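Descriptive structure summary
As a plain string of letters, each chain reads:
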Amino acid sequence: MSTTKPRPRIDTVSKGFWDAARAGTLTVQRCDDCGHNHYPGSPVCPNCLSSNQSWAPVSGRGTLLSWVRFHRAYWDGFRDDLPYAVILVGLEEGPLMISNLMGAEPESLKIGDPLEVCFDAVDETTTLPKFRPAGNTR
Amino acid sequence: MNAFHRLKDRIAVVGVGNTAYGNFPHTDDYGLGAEAFRRAIEDCGLDKNKVDGLGVCRVPYYARMGEILGLAPRWTVQFPPHGRMSAMAIIEAAAALDAGLCDYAALIYANIGRSRRVNYGGEESPGVWDSFGFTSPGAAHALMFQRHRALYGTTTRQLAEVSVAFRHHARLNPDAVMKQPITIDDHEAARPITEPLRLLDYCLINDGAVCLILTTKERAKDLKQKPVMISGFGAREAYRQSSIANFDLNFWYDEVRDVASQVYGMAGVGPGDVDALMCYDNFSPTVLFSLEGLGFCGQGESGGFVEGGTLRVGGKLPTNTDGGHLSNSYMQGWALNVEAVRQIRGQCGARQVPDAEVVQFVAATPCSRSIIYTPG
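Residues numbered from 1 in each chain as written. Chains lettered and ligands numbered in written order. Predicted model: local features only at pLDDT ≥ 70, side-chain atom pairs only at ≥ 80, totals over all residues.

As recorded in an unreviewed UniProt entry, chain B goes by Thiolase family protein and comes from Siccirubricoccus deserti.

Per an unreviewed UniProt entry, chain A is named Zn-ribbon domain-containing OB-fold protein, and its organism is Siccirubricoccus deserti.

This brings us to the overall build of chain B. Scanning chain B from N- to C-terminus turns up 12 helices and 11 strands. In terms of C-alpha radius of gyration, chain B reaches 19 Å, essentially the compact-globule figure of 21 Å for 376 residues. For chain B, the spread of C-alpha atoms along the three principal axes comes to 55 × 45 × 40 Å. A total of 376 residues make up chain B; the buried ones form 58% of that total. (Helix = DSSP H or I, 4+ residues; strand = E, 2+ residues; numbered from the N terminus. Rg over C-alpha atoms; globule rule 2.2 N^0.38 Å. Buried ≥ 20, exposed ≤ 12 C-beta atoms within 10 Å, placed from the backbone.)

Following the UniProt record, one finds the feature "domain: ChsH2 C-terminal OB-fold" (unreviewed entry) at residues 55–120 of chain A. Secondary structure content for residues 55–120 of chain A is 0% helix and 48% strand, and the end C-alpha separation is 19 Å. (UniProt positions renumbered as here; feature names shortened; annotations may be inferred.)

Time to look at the sheet that holds strand β2 (residues 37–38) of chain A. Residues and elements named next belong to chain A. Spatially, β2-β1-β3 is the arrangement adopted by the 3 strands of the open sheet, whose pairing is antiparallel. If you trace the sheet from one side to the other, it starts and ends with β2 and β3 (53–57), each paired once. Pairing geometry for strand β1 (residues 27–31) and β2, over 2 bridges, is antiparallel. Considered in β2, the bridge of R30 is made with N37. (Pairing = 2+ DSSP bridges.)

All names here are of chain B. Residues I108, C211 and L214 are the most contacted members of the largest nonpolar core, which totals 151 residues. Ranked by residues supplied to this core, first place goes to helix α3 (residues 85–99) with 10 residues. Aside from chain neighbours lying at most four places away, what touches L214 is I11, A12, V13, V14, A93, A94, L97 and A105. (Core = buried A, V, L, I, M, F, W, Y, C linked by C-beta atoms within 7 Å. Contact = placed C-beta atoms within 7 Å.)

With that settled, the discussion passes to the domain arrangement of chain A. Residues and elements named next belong to chain A. On domain assignment, one finds that chain A holds domain 1 (11–57) and domain 2 (59–138). The centre of domain 1, based on its C-alpha atoms, is set 21 Å off from the matching centre of domain 2. Taken together, the contact between domain 1 and domain 2 spans 8 residues of the former and 10 residues of the latter. Contributing elements (two or more residues each) for the side of domain 1 that touches domain 2: α1 (15–22) and β2. Split into classes, the residues belonging to the side of domain 1 that touches domain 2 amount to 4 nonpolar, 3 polar and 1 charged. (Domains from an automatic or database assignment. Nonpolar A, V, L, I, M, F, W, Y, C, P; charged D, E, K, R; others polar.)

This brings us to unusual backbone geometry. Here Y39(A) and P40(A) are connected by a cis peptide whose omega angle stands at 0 degrees. Locating P40(A) in the fold gives a position in the loop between β2 and β3. E195(B) connects to P196(B) through a cis peptide bond whose omega is 5 degrees. Mapped onto the elements, P196(B) comes out in the loop between β5 (192–195) and β6 (197–198). Although it is not a glycine, L49(A) sits at a positive phi angle of roughly 70 degrees. Take L49(A): it is sitting in the loop between β2 and β3. Positive phi, normally seen in glycine, also occurs at F251(B), with a value near 60 degrees. Among the structural elements, F251(B) can be located in the loop between β8 (228–237) and α8 (253–267).

All names here are of chain B. If you walk across this open sheet you meet the 9 strands as β3-β2-β4-β7-β1-β8-β11-β10-β9, and the pairing is mixed. The sheet is open, and its two edges are formed by β3 (75–79) and β9 (276–279), each paired on a single side. The sheet shows a mean angle of 25 degrees between the axes of neighbouring strands, taken without regard to direction. Here strand β10 (residues 359–363) runs beside strand β11 (residues 367–375); their pairing, made up of 5 bridges, is antiparallel. When the sheet's bridge partners are listed, F361 is paired in β11 with I371. (Axes fitted to C-alpha atoms, helices over the stretch in contact; angles between N-to-C directions.)

This part is about the packing of helix α4 (residues 137–152) of chain B against helix α9 (residues 285–294) of chain B. All names here are of chain B. Two numbers describe how α4 lies on α9: the axes approach to 9 Å, and their chain directions differ by 55 degrees. With respect to each other, α4 and α9 are oriented oblique. When you trace α4 past α9, the crossing you get is left-handed. Of the residues in α9, those touching α4 at H141, M144, F145 and H148 are P285, T286 and L288. Classifying every residue of the contact of α4 with α9 gives 4 nonpolar, 3 polar and no charged. (Parallel < 35°, antiparallel > 145°, perpendicular 65-115°, else oblique. Left-handed = near helix turned anticlockwise from the far one by under 90°.)

As a further point, take the UniProt feature "domain: Thiolase C-terminal" (unreviewed entry) in chain B. With numbering matched to this structure, UniProt assigns "domain: Thiolase C-terminal" (unreviewed entry) to residues 253–358 of chain B. Helix makes up 44% of residues 253–358 of chain B and strand 4%. Its end C-alpha atoms lie 23 Å apart.

What follows covers the packing of helix α1 (residues 29–44) of chain B against helix α2 (residues 62–69) of chain B. Residue and element names in this part refer to chain B. Between α1 and α2, the least distance of the axes is 10 Å, while the angle of their chain directions is 50 degrees. Between α1 and α2, the interaxial angle falls into the category oblique. The handedness of the crossing between α1 and α2 comes out as right-handed. Touching Y30, G33, A34 and F37 of α1 are R64, M65, I68 and L69, all from α2.

A separate point is α8(B). Residue and element names in this part refer to chain B. For α8, with 15 residues, the first-to-last C-alpha span of 21 Å sits near the 21 Å given by 1.5 Å per residue. For α8, the set of buried residues is E255, V256, V259, A260, Q262, V263, Y264, M266 and A267. Its buried side turned inward, α8 meets β8, α9 and β11. Looking one or two places after α8, you find G268, whose phi comes out positive at around 70 degrees. (Expected span 1.5 Å × (residues − 1).)

On to α1(A). Residue and element names in this part refer to chain A. The set of residues buried in α1 consists of F17, W18 and A21. The arc that holds the buried residues of α1, viewed along the axis, is 90 degrees, so those residues lie on one side. Residues of α1 that are buried sit in contact with β1, β3, β7 (114–121) and β8 (127–133). Positioned one or two residues after α1, G24 has a phi angle of 85 degrees, which is positive. (Arc of directions from axis to C-beta.)

To continue, consider the pairing of β8(B). Residue and element names in this part refer to chain B. The buried fraction of β8 amounts to 8 of the 10 residues, a majority that puts the element mostly inside the structure. Pairing between strand β1 (residues 11–18) and β8: 2 bridges, direction antiparallel. Bridge pairing links V13 to V228 in β8. Of the pairings in the sheet, the one linking β8 to β11 comprises 9 bridges and is antiparallel in character. Across the sheet, G232 pairs through a bridge with I372, a residue of β11.

Right under this line is the structure:
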């Protein structure tokens, strides 16, 4: 039985996002023609259908939109973490991201509280963008 | 007025059938689908060879289903095995019947999730967020309910009203899987699955099958049962956040509002005329979101609306009188449409809503749908 956590699937569209995350930069996909921001990446811009898109650095600031706590592991790799929290973040630039909260338990925050990105280097190929309460430097 | 409103009272549900619900490892989706079809055929008294339209959902292969049933249709559609498909399929069949693409459409849904140990999460359906441990459809509803709580002060005790009312109905339904009575305190004490949701907020997973047979108003007159008319329907998708499956930041409110305006406009009724509601309930919060979108209460007011047994037979808005997905059977909306038909026919025994004449189905999902059924 594998106890490995699922890794993000890296394909031609998403590669830029994961390369930037490994370098410590949060990005979203931005259309070079109309400026629309979106995440996850897509082969064409959902606003104007352009294929000219880039992974653009964002502020890393967002707000806590919601959170849940898993008491059941749907992957064996998460069994040792139970119960664990997952958060929904609304980035300042618009897109939503599912992630985890670092340095605090979600009960200590209110919906709408400010968050900022931090990075969790899982191994040499994968770094996951996570979030912590804004202004909390540790 | 929408052009499709001309379909008002044009198409009837004439036959319904379902299998027993439970754990049936000795058979499979085809066996269950065939039994539901046979029962629906017996229900309406139609010669099965007259069925010239076939829609299947969660049945692996339409052609094998057709071979088993000895059908040679001229209209076939396979719907993906998603919970939101029931009303989508019924509306497609109604349009096909009206267009003359077929004369009698059989819609068959079968599920063998219990005996095959399907758990609807993790390695069965890996997604973009699995690396963060966000791995199951129920979690999306937990995210939405947590937000509803924060924005509107909705409580888990109010949410419990949904599960408690549906369990009460299941105890009045001989076919239903769950028979143990539950209370609000039982809901509060149940095992957490994905907080803030607990076990009693989750649908069942069980085997079973459902079949509906539809035809035009004219053809319906020659069949055994009093026809149940499709008097209204409405539809709106929300695909913009589909990478978070089964999730909408605003609880599909705008989409269900739109659906409500279409379905009530077509049927010529309003929420106050609805005698019973059949509400897609994969997870209990969906019911709250549906009530708000349809206008039974304002946005954010569903918690207070359901308090005190509102959703029970005998309450202000009897809802999921068969017990729903939470306590009757995980037939993904299909059994709820059958229950709507049986309520209109007056066949529901101890759970019958007296004089039910306007029965509404609704599914608040990324493909929101509603259908209003009335007597023919």
